[in-house]
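These are the residues of each chain, in order.
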Amino acid sequence: MIENIFDTHSHYDDKAFDEDRYELINALPEQGVVGIINCGTDIKSSSDSLKLSEQFDFVYAACGIHPHECDKHELNTTLDDLKKLLIIKKCVAVGEIGLDYHYDFSPREKQIEFFEAQIRLAKEMDLPVIVHNRQAHEDTLKILKKYQPKGVLHCFSGSVEMAKEVIKIGLYIGIGGSVTFKNAKKPVAVAKYVPDDKLLVETDCPYMAPVPLRGKRCTSDMIMHTAQVIAQIRDTQTQEVLNSTHKNALTLFNISSY
């Protein structure tokens, strides 16, 4: 049986799970899932993530303002609200934060303002960041080099060259279902390159289900398929990938025990 699945990026507060959220999460340990980080995208979803973490021992929360949501918030008030959540014990990261120049739902200047402010807050609170980066590689890397936070670039979409720069900073690389997709050249190259001690696996559920389940609602147990592909790429065993990424998750998020 597959074990030690640690999903470092999920959204179980999403409406896609409204009908069976608690039953589904409760059953995940039977599928080998030992840890989950549920990531907030605004104050409400961050609070909901914390509520989930209080109900399940193996669920932890990340609290933050997603770039899509920046334009709906006032910075100083939001940071005050966010800080109240970050001090709660089962909040283990600031996230999901970052830049998204694909959709541009918030002005880029405001995205950058929120991204930098939340990184500064994470450093103040001694927490890692969970970074969203979509078609904003140059600005994302520039900001990360400026502040040198600890954390992970989730659903990594950059090149091997970018991965090298990110790892120099000390950040981790999160790889999800996209590595299983047809013509996934960059994710495959990155999955081959990343050192064992800097690799994390994730779902971004309910999105990004891996092949052969693409198009279905994604859940944390589906990481098994992602890990199988990563193992093939790295010429190792699926369980070895899960064991090392589990260890890395505990290290990055400072989780000592369940």
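Fair warning: this is a prediction, and the values are worked out from it, not measured in the lab.

Participant: Mind showing me how you'd approach the overall build of the protein here?
Facilitator: Secondary structure assignment for the protein yields nine helices and eight strands. In terms of overall size, the protein behaves like a compact globule, its C-alpha atoms giving a radius of gyration of 17 Å where 258 residues would be expected to give roughly 18 Å. C-alpha atoms of the protein, sized along the principal axes, occupy 50 × 40 × 35 Å. Taking all 258 residues of the protein together, the buried fraction comes to 59%. Summarising the internal contacts of the protein: among those between residues at least 6 apart in sequence, 71% fall at separations of at least 24. When the accessible area of the protein is evaluated, it comes to approximately 11600 Å², of which 49% is carbon and sulfur surface. Here the protein contributes 30 positive and 37 negative side-chain charges, whose respective centroids are spaced 5 Å apart.

Participant: Help me understand helix H7 (residues 185–193), please; the structure alone is not making it clear to me.
Facilitator: Helical geometry note: an α-helix holds 3.6 residues per turn, so side chains three or four residues apart project in the same direction. Within H7 the residues assigned to the buried category are Pro187, Val190 and Ala191. Projected onto a plane normal to the axis of H7, the buried residues spread over an arc of 100° and lie on a single side. Away from the buried face of H7 by more than 90 degrees, exposed residues Lys185 and Lys192 are located. Where H7 is buried, its residues meet helix H6 (160–169), strand S7 (172–175) and helix H8 (223–234).

Participant: Looking at this model, I keep getting lost on unusual backbone geometry. Mind explaining?
Facilitator: The phi torsion of most residues other than glycine is negative, and most of the peptide bonds are trans. With omega at 15°, the peptide bond leading from Gly95 into Glu96 counts as cis. Locating Glu96 in the fold gives a position in strand S4 (residues 91–100). Between Val211 and the following residue, Pro212, the backbone shows a cis peptide bond with an omega angle of 15°. Counting through the fold element by element, Pro212 comes out in the loop between strand S8 (199–201) and H8. Of note in this structure, Asn4 is not a glycine but carries a positive phi near 65°. Position of Asn4 among the secondary structure elements: in the segment before strand S1 (5–10). Positive phi outside glycine occurs at Asn183, with the angle close to 65°.

Participant: Is there a simple way to think about the nonpolar core in this case?
Facilitator: By size, the foremost hydrophobic cluster in this structure holds 70 residues, and its most contacted members are Tyr12 and Ile173. With residues up to four places along the chain from it excluded, the contact list for Tyr12 reads Phe17, Arg21, Leu24, Ile25, Leu28, Ile36, Asn38, Leu52, Cys205, Thr219 and Ser220. Judged by nonpolar contacts, the second largest core, of 15 residues, contains Cys39, Val92, Tyr172 and Ala249.

Participant: I would appreciate a short explanation of the pairing of strand S3 (residues 59–63) in the present structure.
Facilitator: On a regular strand, one side chain projects to one face of the sheet and the next to the other, so that they alternate. Buried residues dominate S3, accounting for five of its five residues. The alternating pattern of S3 places Val59, Ala61 and Cys63 on one face and Tyr60 and Ala62 on the opposite face, and all of these are buried. Relative to S3, strand S2 (residues 33–39) runs parallel, the two sharing four bridges. The residue bridging Cys39 from the neighbouring strand is Ala62, located in S3. Regarding the hand of the β-α-β motif, the stretch spanning S2, helix H2 (residues 43–55) and S3 is right-handed.

Participant: Any chance you could explain the side chain of Lys90 here in plain terms?
Facilitator: Structurally, Lys90 can be placed in the loop between helix H3 (75–86) and S4. Buried and unpaired, Lys90 has no salt bridge, with Asp57 as the nearest side chain of opposite charge at 5.2 Å. A distance of 3.0 Å separates a polar atom in the side chain of Lys90 from the backbone oxygen of Asp57. Apart from residues no more than four positions distant in its own chain, Lys90 is found in contact with Leu50, Ser53, Phe56, Asp57, Phe58, Val59, Tyr60 and Ala61.

Participant: What's the story with the packing of H2 against H3 in this structure? I'm lost.
Facilitator: Packed helices, taken two at a time, are described by the angle between their axes plus the distance between the axes. Two elements in contact, H2 and H3, have axes separated by 11 Å at closest approach and are oriented at 5°. The orientation of H2 relative to H3 falls into the category roughly parallel. The segment H2 lies against H3, with Ile43, Ser46, Ser47 and Leu50 engaging Thr78, Asp81, Leu82 and Leu85.

Participant: Help me out: how do you make sense of the pairing of S2 in this one?
Facilitator: Among the seven residues of S2, six are classified as buried, and the element is accordingly described as predominantly covered. Pairing geometry for S1 and S2, over four bridges, is parallel. If you follow Ile5 over to S2, its bridge partner there is Val33. Note on the crossover from S1 through helix H1 (residues 21–27) to S2: the handedness is right-handed.

Calculation criteria
- Within any chain, residue numbers begin from 1 and follow the written order of that chain's sequence.
- Residues qualify for local features only when their pLDDT is at least 70, as the model is predicted, and side-chain atom pairs are given and counted only at 80 or more; totals for whole chains, interfaces and linings, by contrast, use all residues.
- Values shown for side chains rest on all heavy atoms present in the structure; no hydrogens or waters enter the calculation.
- Elements are defined by DSSP. Helices are runs of H or I of four residues or more, strands are runs of E of two residues or more, and each kind is numbered from the N terminus.
- In this setup the radius of gyration rests on C-alpha atoms only. A globule is expected at 2.2 Å times the number of residues raised to 0.38.
- Only protein chains enter the accessibility calculation, which uses a 1.4 Å probe; a residue whose area is less than 20% of its type maximum is buried, one above 50% is exposed, and one in between is partly exposed.
- By definition in these notes, contact holds between two residues if any of their heavy atoms fall within 4.5 Å.
- In these tables, accessible area is a Shrake-Rupley quantity obtained with a 1.4 Å probe, and a residue counts as shielded only by the protein chains included in the view.
- The positive count covers Lys and Arg only, the negative count covers Asp and Glu only, and His and the chain ends enter neither.
- Charge placement uses NZ in Lys and CZ in Arg. For Asp and Glu, CG and CD serve respectively.
- The arc refers to the directions leading from the helix axis to the C-beta atoms.
- By convention a nonpolar core is built from buried Ala, Val, Leu, Ile, Met, Phe, Trp, Tyr and Cys residues, the set being connected through side-chain atoms within 4.5 Å.
- Pairing between strands requires that DSSP locate at least two bridges from one strand to the other.
- Here the term right-handed applies to a crossover when the path leading from its first strand over the helix to its second strand runs clockwise, the strands being oriented away from the viewer.
- When a carboxyl oxygen of Asp or Glu is within 4 Å of a side-chain nitrogen of Lys or Arg, the pair counts as a salt bridge.
- Polar contacts, as counted here, are pairs of nitrogen or oxygen atoms within 3.5 Å of one another; within protein the pair requires one atom able to donate a hydrogen and one able to accept it, and residues that are adjacent in sequence qualify only if both atoms are side-chain atoms.
- Helix axes are fitted only over the stretch in contact, all axes being lines through C-alpha atoms; the angle between N-to-C directions runs from 0 to 180 degrees.
- Throughout, the term roughly parallel applies to angles under 35 degrees, roughly antiparallel to angles over 145, roughly perpendicular to angles from 65 to 115, and oblique to all others.

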